[in-house]
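Examination of the molecular architecture
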Amino acid sequence: MKIENALALPCPAQQETAESQSGLEFTIATEEDFADIMSMSKDIYGGLDYLPTRYQSWMQEEYRHVVLARKQGKVIALESVCVIDEGETVLVEGLRVAPSERGKGVAGVLLKFCSQFIKARYPEVKVTRLTRDDKLGPKDFQKYRLITKQAILLVRFRAEDLQPRLLQLLAGGPLDSESGLSPPPVLLEPGEVRRLFLSQGVVGGVLPNRTILQDWQPFKPLPSNLDILLKKDVDWMVDSAKQPRVASLCTFPFPVPIGDDCFYLNIDVFGKELVPARRQVLAHLRRHTEALRGHVMCQVFLEPALWEPMADLCKRELEVERVKEYTEQCVVEADLL
């Protein structure tokens with residue numbers, strides 16, 4: 001592929017196209033491409049695809065470009081690239097290839113084109129960053145640097161069944177008796193988010209390797225990144241607004257294609273102390289499932305050492321089903337070549 005392909009692309013407001021040496025056509029996605037993308041993505045992630053809910057908001061994000069690969073005019077692959085960290089990093093996410101085209105090298109060609117596109121459009125970008133949940137091997141570490149990792153606890157439940165148990169736990173019980181009564185979590189306003197998540201105490205003492213992870217997206221704690229994050233439907237909590245030891249972010253529930261009345265919920269927890277981490281997970285669950293009716297799949301991302309006791313809480317006290325055993329969310333990066 002030649003760099004001229006990326007340089008020839010018009011501005012993102014237009015329908016951008018380029019031809020690769022592989023015969024694929026690359027375009028910047030628009031709102032009108034939604035139906036074709038959904039058709040290409042059918043059954044991806046076992047019916048738990050987030051893109052149907054997020055696509056329209058992606059189209060409004062000025063720092064994001066969604067690149068499509070077409071074959072004979074038909075959409076066969078997608079990748080999203082976001083410029084973050086004050087223009088120094090490109091965040092790569094959302095990669096998907098049509099089932100009929102997998103194993104043919106399409107993903108590699110698309111990723112290479114995206115790299116060329118970013119270098120031509122944003123020459124100040126130095127690093128590519130992404131988040132993976134598969135097991136990293138020696139070849140991966142030849143290409144990527146590991147920034148940080150979090151454990152993933154994946155559970156599912158019916159919202160109606162969970163509420164009575166949440167009320168009982170939050171009212172006091174085994175959770176508090178382990179180490180005395182702990183104060184309730186603090187839900188932060190935007191001004192408090194900016195103050196705390198830019199403070200040295202949180203950046204250096206709470207965040208995993210000085211990284212804010214929100215729903216698989218890693219950000220450096222910078223004012224420009226907080227501008228991005230505060231535009232999203234996310235709740236921010238801490239155990240103390242003065243000196244936080246544990247902080248957490250929670251998405252609002254979003255529907256997934258697996259079936260009617262099925263929702264996904266993601267909770268990112270930062271910090272190593274178990275009791276405040278538990279209380280914040282329970283508070284997020286209470287706040288975001290109280291009005292729901294139906295099935296909920298919930299991912300909790302947390303310090304690896306907290307996975308087992310948090311899994312025990314989910315099984316013993318919340319009586320929810322654990323979908324997977326221990327897995328990890330790994331943030332990796334590489335120099336943009």
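Once a new chain begins, its residue numbering starts again from 1 and follows that chain's sequence as written. Reporting of local features is limited, given that this is a predicted model, to residues whose pLDDT is at least 70; pairs of side-chain atoms are given and counted only at 80 or more, and all residues count toward the totals for whole chains, interfaces and linings. The side-chain numbers reported here are obtained from all heavy atoms of the structure, hydrogens and water having been left aside.

For residues besides glycine, phi is generally negative; the peptide bonds are generally trans as well. Unlike most non-glycine residues, D85 shows phi in positive territory, near 55 degrees. Helix and strand definitions follow DSSP, with helices as H or I runs of at least four residues and strands as E runs of at least two, each counted in order from the N terminus. Along the chain, the position of D85 falls in the loop between β4 (74-84) and β5 (89-97). For D85, a relative accessible area of 1% puts it in the buried group. Look at N209: it is not a glycine, yet its phi comes out positive at around 50 degrees. Any residue under 20% of the maximum accessible area for its type is buried, any over 50% is exposed, and the rest in between are partly exposed; the area is computed with a 1.4 Å probe on protein chains only. By relative accessible area, which is 47% here, N209 ends up partly exposed.

The next thing to look at is the confidence of the model for the protein. Predictor confidence is given residue by residue as pLDDT, running from a minimum of 0 to a maximum of 100. Counting all residues, the mean pLDDT for the protein is 89, and 90% of those residues have values of 70 or more. Contacts are assigned to residue pairs with any non-hydrogen atoms lying within 4.5 Å of each other. In this model residues 1-16 is a low-confidence stretch, pLDDT under 50, and it forms 42 contacts with partners more than four residues away in sequence or in other chains.

Formed by 40 residues in total, the largest nonpolar core has its most connected members in I37, V67 and I118. Those elements that provide at least two residues to this core are β2 (25-28), α2 (34-40), α3 (51-60), β3 (64-71), β4, β5, α4 (106-121) and β14 (262-270). For the domains described, the bounds stem from an automatic or database domain assignment. Residue assignment places this core across two domains, with domain 1 (24-125) and domain 2 (148-332) each supplying three or more. Residues within four places of I118 in sequence aside, it is in contact with V81, V83, V90, P123, V125 and L336. Definition of nonpolar core: a set of buried residues of the types Ala, Val, Leu, Ile, Met, Phe, Trp, Tyr and Cys, connected through side-chain atoms within 4.5 Å. Formed by 31 residues, the second largest nonpolar core is a distinct cluster that contains V155, F157, L265 and V281.

On to the packing of helix α11 (residues 274-289) against helix α12 (residues 307-316), then. Two quantities define a packed helix pair, namely the angle between the helix axes and the distance between the axes. The N-to-C vectors of α11 and α12 enclose an angle of 45 degrees; their axes lie 11 Å apart at closest approach. In terms of axis orientation, α11 runs oblique to α12. Here α11 and α12 pass one another in a crossing that is right-handed. Across from L274, A277, R278, V281 and L282 in α11, the residues of α12 making contact are P309, M310 and L313. Only Asp, Glu, Lys and Arg are considered charged, only Ala, Val, Leu, Ile, Met, Phe, Trp, Tyr, Cys and Pro nonpolar, and every remaining residue, Gly among them, polar. Residue composition of the contact of α11 with α12, by class: seven nonpolar, no polar and one charged. Angles shown run from 0 to 180 degrees and are taken between the N-to-C directions of axes, each axis being a line fitted to C-alpha atoms and, for helices, limited to the stretch in contact. Geometric relationships in this document are graded by angle, where less than 35 degrees denotes roughly parallel, more than 145 denotes roughly antiparallel, 65 to 115 denotes roughly perpendicular, and other angles denote oblique. Left-handed describes a crossing whose near helix is turned anticlockwise from the far helix by less than a right angle; the clockwise case is right-handed.

In this structure, Q299 sits in strand β15 (residues 295-302). Assessed through its relative accessible area of 8%, Q299 is described here as buried. Setting aside residues up to four positions removed in sequence, Q299 forms contacts with I152, L153, L154, W216, Y264, L265, N266 and I267.

This paragraph deals with the packing of helix α6 (residues 159-170) against α11. Where α6 meets α11, the closest approach of the two axes is 10 Å, and the angle between their N-to-C directions is 135 degrees. Considering their axes alone, α6 and α11 lie oblique with respect to each other. Classified by chirality, the crossing of α11 by α6 is left-handed. Taking contact as the criterion, the partners of A159, L162, Q163, L166, L167, L169 and L170 in α6 are, on α11, R279, L282, A283, L285, R286 and T289. Residue composition of the contact of α6 with α11, grouped by class: nine nonpolar, two polar and two charged.

Take the residue count of a helix, subtract one, and multiply by 1.5 Å to get its expected span. Spanning 12 residues, α6 covers 16 Å between terminal C-alpha atoms, matching the ideal 16 Å at 1.5 Å per step. Along α6, the residues that are buried comprise A159, L162, Q163, L166 and L169. Looking down the long axis of α6, one finds its buried residues gathered within 140 degrees of arc, a one-sided arrangement. When the buried face of α6 is taken as reference, the exposed residues oriented beyond 90 degrees from it are P164 and Q168. Arc definition: directions from the helix axis to the C-beta atoms.

Our next topic: the UniProt feature "domain: N-acetyltransferase" (unreviewed entry) in the protein. UniProt positions are given in the numbering used here, feature names are shortened, and annotations may be inferred rather than shown by experiment. UniProt tags residues 24-159 as "domain: N-acetyltransferase" (unreviewed entry). Helix makes up 29% of residues 24-159 and strand 38%, with an end-to-end C-alpha separation of 45 Å.

Structurally, the protein comprises domain 1 (24-125) and domain 2 (148-332). A straight line from the C-alpha centre of domain 1 to that of domain 2 covers 28 Å. Across the boundary between the two partners, domain 1 contributes 16 residues, which contact 19 residues of domain 2. Buried area: the sum, over both parts, of the accessible surface (1.4 Å probe) that disappears when the two are put together. Carbon and sulfur atoms supply 58% of the area that domain 1 and domain 2 bury against each other, a total of about 1400 Å² over both sides. By the criterion of area lost to domain 2, the three top residues of domain 1 are L48, R54 and D85, representing 34% of everything that side buries. Any Lys or Arg side-chain nitrogen found within 4 Å of a carboxyl oxygen on Asp or Glu counts as a salt bridge. Between the two partners, domain 1 and domain 2, sit one salt bridge. D215 is the salt-bridge partner of R54, the closest N and O atoms lying 2.6 Å from each other. Polar contacts here mean pairs of N or O atoms no more than 3.5 Å apart (in protein, one a potential hydrogen donor and the other a potential acceptor; neighbouring residues in sequence count only if both atoms are side-chain atoms). Viewed at the interface, domain 2 and domain 1 are joined by five residue pairs in polar contact (both at pLDDT 80 or more). For the side of domain 1 that touches domain 2, the elements supplying multiple residues, two or more each, are α3 and β5. Looking at side-chain class alone, the side of domain 1 that touches domain 2 contains six nonpolar, three polar and seven charged residues.

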